[in-house]
Amino acid sequence: MSDTTVDLRSDTVTRPSVAMRRAMAEAEVGDDVLDGDPTVRALEARVADLLGKSSALFFPSGTMANQAALWLLGEPGTEVYAHEDSHIVNWEIAGTAGLVGLQMRVVRGAPVLEADALRAAFRPASIHAPRASLVCAENTHNGAGGMVTPLAHLQAIQATAAEQGLPVHLDGARLWNAHLATGTPLADFAACASTVMVSFSKGLGAPVGACLAGDAAPMRRAWEVRKRFGGGMRQSGILAAAALYGIEQNLPRLGEDHARARRLAAVLAAVPGVQVVSPDTNIVMCDLIGGVTASEVVARARSAGVLVTAWHQTRVRCVLHLDIDEAALARASTVLAEVMAA
Ligand SMILES: *Cc1c(COP(=O)(O)O)cnc(C)c1O
């Protein structure tokens, strides 16, 4: 990929900066499977504190942390309620079934999980149907275009789940963005769930990693399930240092990505044949209603040096991030407006 390519495929494409690499190189490390890595402990303490949870555990990926949460809260042979467009439904390769023995029951209706739709999805108790054992929410919601679930809605989801005695896991890969967009404290969002996953490799710009934070009871076996899934890591302080750097240096600047997303959305909304989901955060979803397909847009944009994703046949996803500056935004706006025009 040439240096002039503008890559809006995901906020995962950011490369660790020189300063982040220096923090990684200088990290104090130990064997975290054997007897502990001090930088990993520092990261976990920082995340538990930010989220107001009793502990946090560092994972190699958000996917593994989500699956571990399902293992901790769910029960094999039961169902998990999740929005039809959520990450655990769309992108985790049936891990829920294969690794945890849970069946997905998708909730339809609104673009994100809502309490009313959840209540309507509850199945009456029957010896012929599996019981449910948990509910999974996602904030911000990737499939809905980085949409924020406001605190009151998340609290309503938690209360509705509790009516059925179900705990909530929150996939908060981009909870940082929800926090920056609303000013709601991270801990208030996290209080709506028993376990919360947060990612470091999206907007925070770290190369890999996620934390699962949670209440004392579910987290009791978190170390064990991470080991079982093959996620024990040795001198992982190298990676935790990048995550700590991302929290301190890059979390406060996420608002810049949100502002650029709004500007890109405004440009593309004026293009004939394009309908844009007004962005809450850093993701711009463009629906092509004029007959051009998403894969045509992706191919044309690529040949003009701009990379975007075909979310489905008529929807294109553009994600703003740390490595997109003013010049890159201007270039992407011009190219995308041209190639999306019906
Ligand atoms: C990226 C993402 C994940 C998975 O994180 P990885 O570290 O890439 O495995 C989970 N949920 C959501 C909403 C995500 O965007």
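Above this text you will find the structure in question.
Residues numbered from 1 in each chain as written. Predicted model: local features only at pLDDT ≥ 70, side-chain atom pairs only at ≥ 80, totals over all residues. Heavy atoms only, no water.

1. Concerning the sheet that holds strand β4 (residues 103-107)
Spatially, seven strands are ordered β2-β8-β7-β6-β5-β3-β4 in an open sheet, and the strand pairing comes out mixed. A strand with exactly one partner marks an edge of an open sheet, and here the two such strands are β2 (55-59) and β4. When strand polarity is set aside, the average angle formed by the axes of neighbouring strands in this sheet is 20°. In this structure, strand β5 (residues 132-138) lies alongside strand β6 (residues 168-172), joined through four bridges in parallel fashion. Looking across to β6, one finds that Cys 136 is bridged to His 169. Strand contacts of helix α8 (residues 175-182): β6 and β7 (195-199), with the helix running at about 90° to β7, the strand carrying the most contacts. (Pairing = 2+ DSSP bridges. Helix = DSSP H or I, 4+ residues; strand = E, 2+ residues; numbered from the N terminus. Axes fitted to C-alpha atoms, helices over the stretch in contact; angles between N-to-C directions. Contact = heavy atoms within 4.5 Å.)

2. Brief notes about the site of the ligand
Near the ligand lie 13 residues; those nearest to it are Gly 62, Thr 63, Asp 171, Arg 174 and Lys 202. Asp 171 places a side-chain nitrogen or oxygen 2.6 Å from a nitrogen atom of the ligand. Within the side chain of Arg 174, an N or O atom sits 2.9 Å from an oxygen atom of the ligand. Considering the ligand on its own, with 380 Å² of exposed area, one finds that the protein chains cover 87% of that surface. (Near = heavy atom within 4 Å. Polar contact = N/O pair within 3.5 Å; in protein donor to acceptor, adjacent residues only side chain to side chain. Areas by Shrake-Rupley, 256 points an atom, 1.4 Å probe, with all protein chains shown as cover.)

3. A short note on helix α15 (residues 326-340)
The terminal C-alpha atoms of α15, which comprises 15 residues, lie 21 Å apart, in line with the 21 Å expected from a rise of 1.5 Å per residue. Those residues of α15 not exposed but buried are Ala 328, Leu 329, Ala 332, Ser 333, Val 335, Leu 336, Ala 337, Val 339 and Met 340. Structurally, the start of α15 carries an N-cap: the backbone nitrogen of Ala 327 is 3.3 Å from a side-chain oxygen of Asp 325. (Expected span 1.5 Å × (residues − 1). Buried < 20%, exposed > 50% of the residue type's maximum accessible area, 1.4 Å probe, protein only.)

4. Looking at the side chain of Ser 201
With respect to the helices, strands and loops of the structure, Ser 201 is situated in the loop between β7 and β8 (210-214). Judged by its relative accessible area of 14%, Ser 201 falls in the buried class. Every residue in contact with Ser 201, bar those within four places of it in the chain, is listed here: Asp 11, Thr 12, Ala 206, Pro 207, Val 208 and Gly 209.

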